Amino acid sequence: MTLTAEEIFDRLKEELGDAILDYEIKEYKTGVKKPRTYKEVWMEIDRSAFRRAIEAIFKIEYPHLHFITGEDIGESIRMIYSFGLFHEHPWGEVSIIIKFDLPKNELILPTITDLMIGAETNEREIREMLGVEFDGLKNKRHLFLPDDWPEGKYPWRRDEYGVDDMIKHTHKSVKEIREERGEQSG
Amino acid sequence: MAKTTYYVPIGPIHPALKEPIRVEAEVEGEKIVKVDVKRGFAHRGIEYMGMKRNAIQTLYLSERICGICSISHPYAFVIGSEKALGIEAPHRAQYIRPIIAELERIHSHILWLGVIAHEIGFDSLLFWTWKGREKVLDVLELITGNRINYSMYMIGGVRRDLKESHIKALRDMITYYWEFTEHMKEVFLSDPVYKARTRGVAQVPKDMALKLNLVGPTARAAGLRMDIRQDIPFDAYADIDVKAVVPQDIVGEARGDAYDVTMVRIYEIEQSLDIIEYCIDNLPEGRILAIPNYIALLNKIKKTEGEGIGAYEAPRGEVIHYFRYDGTRDGPSVWKVVAPSYNNINSWGYCLLGAEVADIPVVVAYIDPCMCCNDRVAVVKDSTGKMLDYSYIHKRAIEKTRMLEKELGVRR
């Protein structure tokens with residue numbers, strides 16, 4: 001038994017109530033000879049309801065995690081979680097996209113690895129790239145960045161914690177850098 | 001005497017690995033007791049580069065994410081961009097796209113079958129399968145002009161049309177591969193040595209596959225009926241009603257090991273042949289690009305605000321791209337790429353625990369890992385290690401295309 005995008009949204013609305021700040025059910029047309037439509041649920045929620053929202057999704061059916069990503073938007077980081085529900089049913093998969101803002105002075109989120117082990121990769125990537133700490137994440141080793149990457153530098157950040165001062169020498173030779181510093185080349 | 005464990009680091013550069021990744025295993029005798037995987041040895045920040053370029057430049061950049069599937073990422077890119085920007089591709093283009101995509105699936109699956117044969121020490125089988133793969137590469141080259149990096153897709157359509165001669169070559173190829181897959185079923189699936197070496201190796205049960213978030217043939221071998229072409233159909237796939245290939249439909253049960261993955265991949269080649277045949281039989285007439293003027297396209301992108309997700313079932317599993325166009329510049333302001341190996345490598349830790357050291361190559365190879373996808377870069381070098389430049393490769397490509405056209409009697 002699959003649920004439509006509207007029915008899924010209603011279930012989430014029951015669980016989350018006013019924590020849903022904004023939502024949109026996007027509709028796309030597909031097919032040439034047999035045109036049909038499919039829908040996606042886009043939600044913006046309050047960050048305090050994040051864990052409840054994830055649990056509500058897991059209650060409907062065990063989802064498939066599409067991705068976790070984030071964007072530096074100045075004062076805060078906008079987190080985007082995307083799940084696919086009913087992915088074993090032809091024409092039945094409904095994508096649920098959850099967005100919320102995380103203020104930069106409080107970059108901490110509960111982990112979802114206790115519900116889905118496979119989310120570890122995604123969380124480790126967000127942790128090293130954006131500096132979001134995951135409460136309860138067991139393996140905190142760097143995933144893509146080297147183990148000796150400097151502390152407090154996050155490649156996806158657009159503020160002073162980004163890598164601007166690290167990449168400004170990218171197009172210079174070692175000789176040029178040494179000359180700039182007043183060191184002897186050779 | 002107390003038992004001592006030994007630390008076996010494999011990689012980042014190792015003969016068993018085609019691309020750099022590091023598997024750190026702790027062994028007790030022959031048995032692996034602890035394992036950790038370290039990635040990122042080829043990470044070049046392609047997403048960051050994409051956010052600095054315009055959408056058309058980024059589309060070609062996305063083609064270079066993966067070393068061999070150069071359609072998967074552009075396909076997810078164009079679908080995601082079209083959703084975010086509200087552009088619809090013409091019907092003819094919607095039928096040409098799956099043809100190229102399925103051709104690529106055939107070559108990727110045959111390539112993997114060669115690799116797994118090599119990993120278990122069957123090198124003559126490797127040469128035989130890769131010889132069979134040449135046929136599909138020739139057809140791809142005839143249609144697009146390249147063996148890899150086809151530059152075929154564009155936001156709102158495709159860049160090259162299919163000609164009568166191409167359709168003839170496609171039909172010849174379909175006949176050839178129906179015979180070839182029959183042979184492959186014999187040499188892979190009925191061979192006792194192959195069976196002994198792969199049955200029970202790298203086994204992932206269905207519920208574990210779901211928890212590890214596995215995708216593509218790896219998940220389907222475990223019995224999960226998931227396939228983007230079936231779950232969220234797009235373009236011509238919406239007309240075809242694609243069904244996910246799972247072992248329980250073929251032999252009645254799914255064990256989720258390296259043998260089942262082989263079976264899924266061979267049967268998927270046949271499925272691809274069916275899809276190509278349907279597309280060329282029902283190819284609609286008309287335009288191939290929604291907005292043929294690229295300047296107009298970039299101007300439209302610059303004025304449009306929107307976000308979207310593009311999903312495509314690549315040969316190795318699902319590829320997901322997330323886009324946000326903010327309406328101030330002509331490229332994406334946020335671009336997130338999830339490649340199949342990103343999720344599938346999760347299975348290594350699970351499969352290797354308790355396995356034997358000799359099984360490492362099969363476990364590593366069975367998901368068809370792609371470090372380029374994972375880390376996002378590809379560099380072309382010749383046998384001496386010299387980097388090949390554009391003009392040389394282009395010259396060679398043109399020579400080969402001319403030769404093929406002559407052989408097949410195509411007039412320009």
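This part takes up the overall build of chain A. Across its full length, chain A carries five helices and seven strands. For chain A, the sequential pattern of α-helices and β-strands runs α-β-β-α-β-β-β-β-α-β-α-α. A principal-axis box enclosing the C-alpha atoms of chain A has dimensions of 75 × 45 × 30 Å. Every one of the 186 residues in chain A was classed for burial, and the buried ones make up 49%. Within chain A, contacts between residues separated by at least 24 positions form 52% of all contacts whose residues are at least 6 apart in sequence. Total accessible area on chain A stands at roughly 9,400 Å², and carbon and sulfur atoms take up 46% of it.

Turning to the interface of chain A and chain B, a few remarks are in order. In this assembly, 49 residues from chain A lie in contact with 54 residues from chain B. For the pair chain A and chain B, the summed buried area comes to about 4,400 Å², and 52% of that belongs to carbon and sulfur atoms. For the salt bridge of Lys38 of chain B with Asp147 of chain A, the shortest nitrogen-to-oxygen distance reads 4.0 Å. For the interface between chain A and chain B, the tally reads 30 residue pairs in polar contact (both at pLDDT 80 or more). Listed by contribution, the elements that provide at least two residues to the side of chain A that touches chain B are strand 1 (20–30), strand 2 (36–45), strand 3 (64–72), strand 4 (76–85), strand 5 (94–103) and helix 3 (119–130) of chain A. It is strand 3 of chain A that contributes the most residues to the side of chain A that touches chain B, seven residues altogether. Split by residue class, the side of chain A that touches chain B holds 21 nonpolar, 15 polar and 13 charged.

Counted under the stated rule, the structure contains 24 aromatic pairs over all chains. Over the face of the ring belonging to Tyr28 of chain A we find Lys83 of chain B, whose NZ or CZ atom lies 4.9 Å from the ring centre.

The next thing to look at is unusual backbone geometry. Residue and element names in this part refer to chain B. Unusually for a residue other than glycine, Asn213 sits at a positive phi of about 65 degrees. Residue placement: Asn213 occurs in the loop between helix 8 (206–211) and helix 9 (216–221). Judged by relative accessible area, Asn213 falls into the buried class, the value being 1%. Phi at Asp241 takes a positive value of approximately 60 degrees, unusual for a residue other than glycine. Judged by relative accessible area, which is 44%, Asp241 ranks as partly exposed.

Right, let's talk about the pairing of strand 3 of chain A for a bit. Residues and elements named next belong to chain A. Most of strand 3 is tucked away, with nine of its nine residues classed as buried. Pairing between strand 3 and strand 4: eight bridges, direction antiparallel. Paired with Phe67 across the strands is Ser82, a residue of strand 4. As consecutive antiparallel partners, strand 3 and strand 4 are separated by three residues, and within that stretch Gly74 has a phi angle of approximately 105 degrees, a positive value.

Below, the discussion takes up empty space enclosed by the protein. Scanning the entire structure with this criterion turns up one cavity of 30 Å³ or more. Counted as a void, the largest cavity has a volume near 40 Å³.

Time to look at helix 14 (residues 294–303) of chain B. Residue and element names in this part refer to chain B. Taken as a whole, helix 14 has its buried residues at Leu297, Leu298 and Ile301. Looking down the long axis of helix 14, one finds its buried residues gathered within 95 degrees of arc, a one-sided arrangement. In helix 14, the exposed residues that point more than 90 degrees away from the buried face are Ile295 and Lys303. Elements that come into contact with the buried residues of helix 14 comprise helix 2 (55–63), helix 3 (72–85), strand 4 (153–154) and strand 7 (317–326). Of the residues flanking the start of helix 14, the one acting as N-cap is Asn293, its side-chain oxygen 2.9 Å from the backbone nitrogen of Ile295.

All names here are of chain B. Spatially, 1-2-3 is the arrangement adopted by the three strands of the open sheet, whose pairing is antiparallel. Strand pairing shows two members of the sheet lacking a second neighbour, strand 1 (6–10) and strand 3 (31–38), which therefore form its edges. Across the sheet, the axes of successive neighbouring strands diverge by a mean angle of 20 degrees, strand direction being ignored. In this structure, strand 2 (residues 22–28) lies alongside strand 3, joined through seven bridges in antiparallel fashion. What sits directly across from Val27, in strand 3, is Ile32.

Residues and elements named next belong to chain B. The contact between helix 4 (residues 91–119) and helix 5 (residues 123–144) brings their axes to 8 Å, and the two run at 165 degrees. Looking at the two axes, helix 4 sits roughly antiparallel to helix 5. The handedness of the crossing between helix 4 and helix 5 comes out as left-handed. Contacts from Ile100, Leu103, Ile106, His107, Ile110, Leu111, Leu113, Gly114, Val115, Ala117 and His118 in helix 4 reach Asp123, Leu125, Leu126, Thr129, Trp130, Arg133, Val136, Leu137, Val139, Leu140, Ile143 and Thr144 in helix 5. Within the contact of helix 4 with helix 5, the residues separate by chemical class into 16 nonpolar, five polar and two charged.

About the thresholds
- Residues numbered from 1 in each chain as written.
- Chains lettered and ligands numbered in written order.
- Predicted model: local features only at pLDDT ≥ 70, side-chain atom pairs only at ≥ 80, totals over all residues.
- Heavy atoms only, no water.
- Helix = DSSP H or I, 4+ residues; strand = E, 2+ residues; numbered from the N terminus.
- Buried < 20%, exposed > 50% of the residue type's maximum accessible area, 1.4 Å probe, protein only.
- Contact = heavy atoms within 4.5 Å.
- Areas by Shrake-Rupley, 256 points an atom, 1.4 Å probe, with all protein chains shown as cover.
- Buried area = accessible area lost by both parts, 1.4 Å probe.
- Salt bridge = Lys/Arg side-chain N within 4 Å of Asp/Glu carboxyl O.
- Polar contact = N/O pair within 3.5 Å; in protein donor to acceptor, adjacent residues only side chain to side chain.
- Nonpolar A, V, L, I, M, F, W, Y, C, P; charged D, E, K, R; others polar.
- Phe/Tyr/Trp six-rings, centres within 6.5 Å; stacked < 30°, edge-to-face > 60°.
- Lys NZ or Arg CZ within 6 Å of the ring centre and 35° of its normal.
- Pairing = 2+ DSSP bridges.
- 1 Å grid on protein atoms, 1.4 Å probe; cavity = no way out; pocket = protein on both sides within 12 Å on 5 of 7 lines; lining within 4 Å.
- Points joined across faces, edges and corners; volume = space filled by probe spheres on them.
- Arc of directions from axis to C-beta.
- Axes fitted to C-alpha atoms, helices over the stretch in contact; angles between N-to-C directions.
- Parallel < 35°, antiparallel > 145°, perpendicular 65-115°, else oblique.
- Left-handed = near helix turned anticlockwise from the far one by under 90°.

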